[in-house]
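Residues per chain, in single letters:
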Amino acid sequence: MSDEQTDTGTGWPQPAGPARPGGPAGEPDPRPDAPDPDELSPLAPAEPPDEDSGVSPGDDGETVDLRAVSGPGGSRDGSAALAEEPVVAAAPAVGRMRFSTAGVMIAALLALLGFTLAVQLKTTSTDPTLGATRQEDLVRILSDLDARENRLQQDIRALEDSERQLRSGEQGRQAALDEATRRADELGILAGTLPATGPGLTVRFDGGGGKPISANRVLDAVQELRGAGAEALQISGGDRATARIIASTYFLDGDNGSLVVEGRRLVAPYTITVIGDPATMRTALNIPGGVVALVQGDGGNVTVEERGVVEVSALHGPIKLEHARPVS
């Protein structure tokens, strides 16, 4: 077969192979280092080895990957550029995502801290009473609270000591007897069946302008003294007659300006002897619109004297109870 083939359509001779540089068309390249045309042509199919000959095809040389040497636009389908582009773009995206997550967490923690501080400040500053109180008043309030706490602690210790004594054998029985005696004495003083002594006042009522001291004024004085902490009272007249004042004592206006106390007639002037805190009771009697002011408004006079020790010696007979019974 010749090196040329005839085109059946045109009749012109066609070269058997592609033109090679350095020679006419259809002739091989005369250069000694020229590559094999079958290796350069990507369109030349590789011929399968002859299985019957038993000869394996030889190594034609190192295979060149055209995709590696071509640029981003050198490949026909751009598969190399697409394969590398996701790897380059993925790294910054992961970094941004991590940075955003950490920022959100920090912002959430700061917001929570700010909310907590705001709530605490609002809670501690919403008390209008203490907020408007002066520093001196706050110090005084604190001192009063401390003093009250100390008194309560002393009371607690005293009660605990009494409980321990009552629970301890013979000593407990003696302590119980002493406690019962003490309570009986206190009740006897309040009931007027026992005499009493202690610090207190003497209050003298003198009428004036021909107007005697009425029973209402004496009753007002007794109520003021009881409200101020009086523990034992008695009243005496100008004729030395004396009557013990207890819870059931009553006062009536008698004839000729006299006073009837528990059925006993007393004549003016009248003197009340009372045991209690002298300063407190004096203040109660001298308050504006109190007993002293009312008696003076009627034309009379009230004389109050503090005594370190006064004695209430008048006694009241025991009251016979007909209906009341102690609860057991």
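Residues numbered from 1 in each chain as written. Predicted model: local features only at pLDDT ≥ 70, side-chain atom pairs only at ≥ 80, totals over all residues. Heavy atoms only, no water.

Stated precisely, the cut-off is as follows: UniProt positions are given in the numbering used here, feature names are shortened, and annotations may be inferred rather than shown by experiment.
Within an unreviewed UniProt entry, the label attached to the protein reads DUF881 domain-containing protein, and the organism entered is Micromonospora vulcania. The heading Sequence similarities (unreviewed entry) in the UniProt record of the protein holds the text "Belongs to the UPF0749 family."

### A word on the overall build of the protein
As a reminder of what qualifies: Each helix corresponds to a stretch of at least 4 residues labelled H or I by DSSP, and each strand to a stretch of at least 2 residues labelled E; elements are numbered beginning at the N terminus. Contact between two residues is taken to exist if any of their heavy atoms lie within 4.5 Å; hydrogens are not considered. For every accessible area listed, the method is Shrake-Rupley and the probe measures 1.4 Å; residues are considered covered only by the protein chains on display.
The helix and strand tally for the protein stands at nine helices and 10 strands. Long-range contacts, defined as pairs at least 24 residues apart, comprise 65% of the intrachain contacts of the protein with a sequence gap of at least 6. By element, 57% of the accessible surface of the protein is carried by carbon and sulfur atoms, the whole surface being about 24,300 Å².

### Concerning empty space enclosed by the protein
Rolling a probe over the atoms, with the probe sized like a water molecule, indicates the empty space that remains. Selection criterion: Whether a set of points on the 1 Å grid over the protein atoms alone is a cavity depends on a 1.4 Å probe fitting there but being unable to get out, while an open set qualifies as a pocket with protein on both sides within 12 Å along at least five of seven lines; lining residues are those with an atom within 4 Å of a point. Grid points are joined across faces, edges and corners, and a volume is the space filled by probe spheres set on the points. All amino acids are sorted into three groups, where Ala, Val, Leu, Ile, Met, Phe, Trp, Tyr, Cys and Pro are nonpolar, Asp, Glu, Lys and Arg are charged, and the leftover types, Gly among them, are polar.
What the rule picks out here adds up to one cavity of 30 Å³ or more. Taken as a whole, the largest cavity holds about 50 Å³ of empty space. In this structure, the largest cavity is lined by G207, G208, K211, P212, I213, S214, R217, V295, D298, G299 and G300. Considered class by class, the residues forming the lining of the largest cavity number three nonpolar, five polar and three charged.

### Here's the deal with the sheet that holds strand β9 (residues 270-275)
Operational definition: Paired strands are those between which DSSP finds at least two bridges. Orientation is described by axes fitted as lines to C-alpha atoms, over the contacting stretch for helices, and by angles from 0 to 180 degrees between their N-to-C directions.
Ordered by their spatial adjacency, five strands build an open sheet running β5-β4-β9-β3-β10, and the pairing between neighbours is antiparallel. Among the strands making up the open sheet, the edge pair consists of β5 (242-245) and β10 (301-312). Strand-to-strand twist in this sheet, taken as the mean axis angle between neighbours without regard to direction, amounts to 20°. When strand β3 (residues 196-206) meets β10, the two strands line up antiparallel, connected through 10 bridges. Paired with D206 across the bridge in β10 is N301. The strands touched by helix α7 (residues 215-227) are β3, β4 (232-236), β5 and β9; relative to β9, the strand with the most contacts, the crossing angle is about 10°.

### Description of unusual backbone geometry
Selection criterion: Burial classification: accessible surface area is computed with a 1.4 Å probe over protein chains only, and a residue below 20% of its type maximum counts as buried, one above 50% as exposed, and the rest as partly exposed.
Geometrically, the link from A268 to P269 is a cis peptide bond, its omega value of -5° lying close to zero. For P269, the position within the fold is in the loop between β8 (264-266) and β9. A positive phi is found at N256, a non-glycine position, where the angle reads about 60°. Position of N256 among the secondary structure elements: in the loop between β6 (251-253) and β7 (259-261). Although it is not a glycine, E262 adopts a positive phi angle of roughly 55°. Within the fold, E262 resides in the loop between β7 and β8. Given a relative accessible area of 28%, E262 falls into the partly exposed group.

### Points about the pattern of salt bridges
The cut-off we apply is this: Only one rule defines a salt bridge in this text: a Lys or Arg side-chain nitrogen within 4 Å of an Asp or Glu carboxyl oxygen.
Following the criterion strictly, the structure yields 11 salt bridges and no others. Among the ionic pairs, R217 bridges to D220, the shortest N-O distance being 3.8 Å. Here R217 and its partner D220 are both found in helix α7, three residues apart, which amounts to about one turn of the helix. E305 serves as the salt-bridge partner of R307, at 3.1 Å between the closest nitrogen and oxygen.

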